[in-house]
Amino acid sequence: MTTTDRTLDGPHGPLRIRVHTADGSARAGLVWSHGGGFVSGDLDMPESVQVARELASRGVTTVEVEYRLAPSDERPDGVHFPVPQDEVRHVLASVRADVSLDTGGRDWSIGGASAGASISASAALRLVADGAAPRQVLLAYPTVHAELPAPSDELAAAVVGVDPQRRFTPETVRSMNANHADGVTDGVFAGGADLTGFPPTCIVDSERDDLRASGAAFAEELRAADVTVSYAVEPGTFHGHLNEEGSAAALATIDRFAAFLLAD
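Residues numbered from 1 in each chain as written. Predicted model: local features only at pLDDT ≥ 70, side-chain atom pairs only at ≥ 80, totals over all residues. Heavy atoms only, no water.

Q: Would you explain the pattern of salt bridges in this entry?
A: For side chains bearing opposite charge, pairing can occur when the charged atoms are close. Taken as a whole, this structure holds 18 salt bridges when the rule is applied. Among the salt bridges present, the one from Asp-86 reaches Arg-89, with a minimum N-O distance of 2.9 Å. Note that Asp-86 and Arg-89 are positioned in helix 2 (residues 83–97) at a spacing of three residues, about one turn of the helix. What makes Asp-86 buried here is its relative accessible area of 16%. A relative accessible area of 18% means that Arg-89 is categorised as buried. Where Glu-154 meets Arg-212, a salt bridge forms, and the shortest distance between an N and an O atom there is 2.9 Å. One end of the pair, Glu-154, is in helix 4 (residues 153–158); the other, Arg-212, is in helix 6 (residues 212–224), and 58 residues separate them in sequence. On the basis of relative accessible area, Glu-154 is assigned to the partly exposed category, the value being 43%. When salt bridges that share partners are traced, they join Asp-5, Arg-16, Arg-18, Asp-44, Glu-64 and Glu-66 into one network. (Salt bridge = Lys/Arg side-chain N within 4 Å of Asp/Glu carboxyl O. Helix = DSSP H or I, 4+ residues; strand = E, 2+ residues; numbered from the N terminus. Buried < 20%, exposed > 50% of the residue type's maximum accessible area, 1.4 Å probe, protein only.)

Next up, the structure:
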């Protein structure tokens, strides 16, 4: 496998990406965005680099995106929607135009984890509207609704006893999303939007995660729009399980994504 750091001339300034290519012929391509509540995360966190390396080892050319982050106490001059979405769309356009990157003849897919999943899903909405939809969309424990949907009875039982620091209350999600959106409502979140023409989508949720309510609801919305959906819950996991380096659960989720990307 070969890993290369690059800096693109992005729509909002220099845009760092990391390209992972398989040793042999590739069979698919993916633009991947990490999570971090819109305010944190980078290319070196396992949720980003572990996913990219493992997928590349399975024949998927994978490009990590270091999108710009929302304001925080440490970064008061952060950005808001649509800057990260613009950057994901720009990376997709750039890799589509790069003939040196092998995807086995398949078009590129996009995806991400948590906040990166939200950014990827809303970027896909815009791409659909522009006639430039990606081949597929991959979402790990996504938060894709402006307001966290109510949990099922099963989910409510699953999160009983979870460390409060791992929990996502409706108020927490509302504040996180408001910081990202900065008062904008149209196109910020894919949940509840018109999903006509949305690409085939694979969603993997963590079992003991309040945000599973959003992933499960989005899967149902996609099915209602006649979109092909693969939905799974990784047993025994908490939110962010892709950040567990080398864990069985993280590798199982990566295997699910690889199977979806490489299916004929």
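That covers the picture; the talk isn't over yet.
Q: I would appreciate a short explanation of the layout of surface pockets in the present structure.
A: If a probe as big as a water molecule is rolled over the atoms, it shows which places are left empty. What the largest pocket holds in volume is close to 250 Å³. Elements supplying a minimum of two residues to the lining of the largest pocket: helix 2 and helix 3 (115–129). A per-element tally of the lining of the largest pocket places helix 3 first, with five residues. Partitioning the lining of the largest pocket into residue classes produces six nonpolar, four polar and five charged. (1 Å grid on protein atoms, 1.4 Å probe; cavity = no way out; pocket = protein on both sides within 12 Å on 5 of 7 lines; lining within 4 Å. Points joined across faces, edges and corners; volume = space filled by probe spheres on them. Nonpolar A, V, L, I, M, F, W, Y, C, P; charged D, E, K, R; others polar.)

Q: Got a minute to help me understand the packing of helix 2 against helix 3 in this structure?
A: Packed helices, taken two at a time, are described by the angle between their axes plus the distance between the axes. Look at helix 2 against helix 3: their axes get within 9 Å of each other, and the N-to-C directions meet at 65 degrees. Put simply, helix 2 runs roughly perpendicular to helix 3. Along this stretch, helix 2 crosses helix 3, giving a crossing that reads as right-handed. Residues Pro-84, Gln-85, Val-88, Arg-89 and Leu-92 of helix 2 form the contact with helix 3, whose participating residues are Ile-119, Ser-122, Ala-123, Arg-126 and Leu-127. (Axes fitted to C-alpha atoms, helices over the stretch in contact; angles between N-to-C directions. Parallel < 35°, antiparallel > 145°, perpendicular 65-115°, else oblique. Left-handed = near helix turned anticlockwise from the far one by under 90°. Contact = heavy atoms within 4.5 Å.)

Q: Before we go on, may I ask you to explain the sheet that holds strand 4 (residues 60–65) in this structure?
A: The strands making up a sheet associate through hydrogen bonds between their backbones, and the pairing can be parallel or antiparallel. With mixed pairing, the eight strands of this open sheet are ordered in space as 1-2-4-3-5-6-7-8. Whereas interior strands pair on both sides, the edge strands pair on one side only; in this sheet they are strand 1 (2–10) and strand 8 (229–238). Taking each pair of neighbouring strands and ignoring which way they run, the sheet shows an average axis angle of 20 degrees. With nine bridges joining them, strand 1 and strand 2 (residues 13–21) adopt antiparallel strand pairing. Residue Thr-7 lies in a different strand from strand 2, and its bridge partner there is Arg-16. The strands touched by helix 7 (residues 248–262) are strand 3 (28–33), strand 4, strand 5 (108–113), strand 6 (137–140), strand 7 (201–208) and strand 8; relative to strand 8, the strand with the most contacts, the crossing angle is about 170 degrees. (Pairing = 2+ DSSP bridges.)

Q: Could you clarify how one ought to interpret the pairing of strand 4 in this entry?
A: It is a general feature of regular strands that their side chains alternate between the two faces of the sheet. Along strand 4, six of the six residues are buried, which leaves the element largely enclosed by surrounding structure. Alternating residues of strand 4 divide into Val-60, Thr-62 and Glu-64 and Thr-61, Val-63 and Val-65, and every residue in both groups is buried. The sheet contact formed by strand 3 and strand 4 spans six bridges and is parallel. What sits directly across from Leu-30, in strand 4, is Thr-62. Taken together, strand 3, helix 1 (residues 46–57) and strand 4 constitute a β-α-β crossover, and its handedness is right-handed. (Right-handed = clockwise from strand over helix to strand, strands pointing away.)

Q: Would you mind showing me how to read the side chain of Ser-214 here?
A: Along the chain, the position of Ser-214 falls in helix 6. Those residues in contact with Ser-214 that lie beyond four places of it in its chain are Pro-142, Thr-143, Val-144, His-145, Leu-148 and Pro-149.

Q: Where do I start with unusual backbone geometry in this structure?
A: At the junction of Phe-81 and Pro-82, the peptide bond is cis and its omega measures out at 5 degrees in the coordinates. The topology assignment puts Pro-82 in the loop between strand 4 and helix 2. One non-glycine residue, Ser-114, lies in the positive phi region at around 55 degrees. Relative to the assigned elements, Ser-114 resides in the loop between strand 5 and helix 3. With a relative accessible area of 7%, Ser-114 lands in the buried category. The backbone of Tyr-141 sits at a positive phi, close to 30 degrees, despite the residue not being glycine.

Structural measurements only, silent on function.
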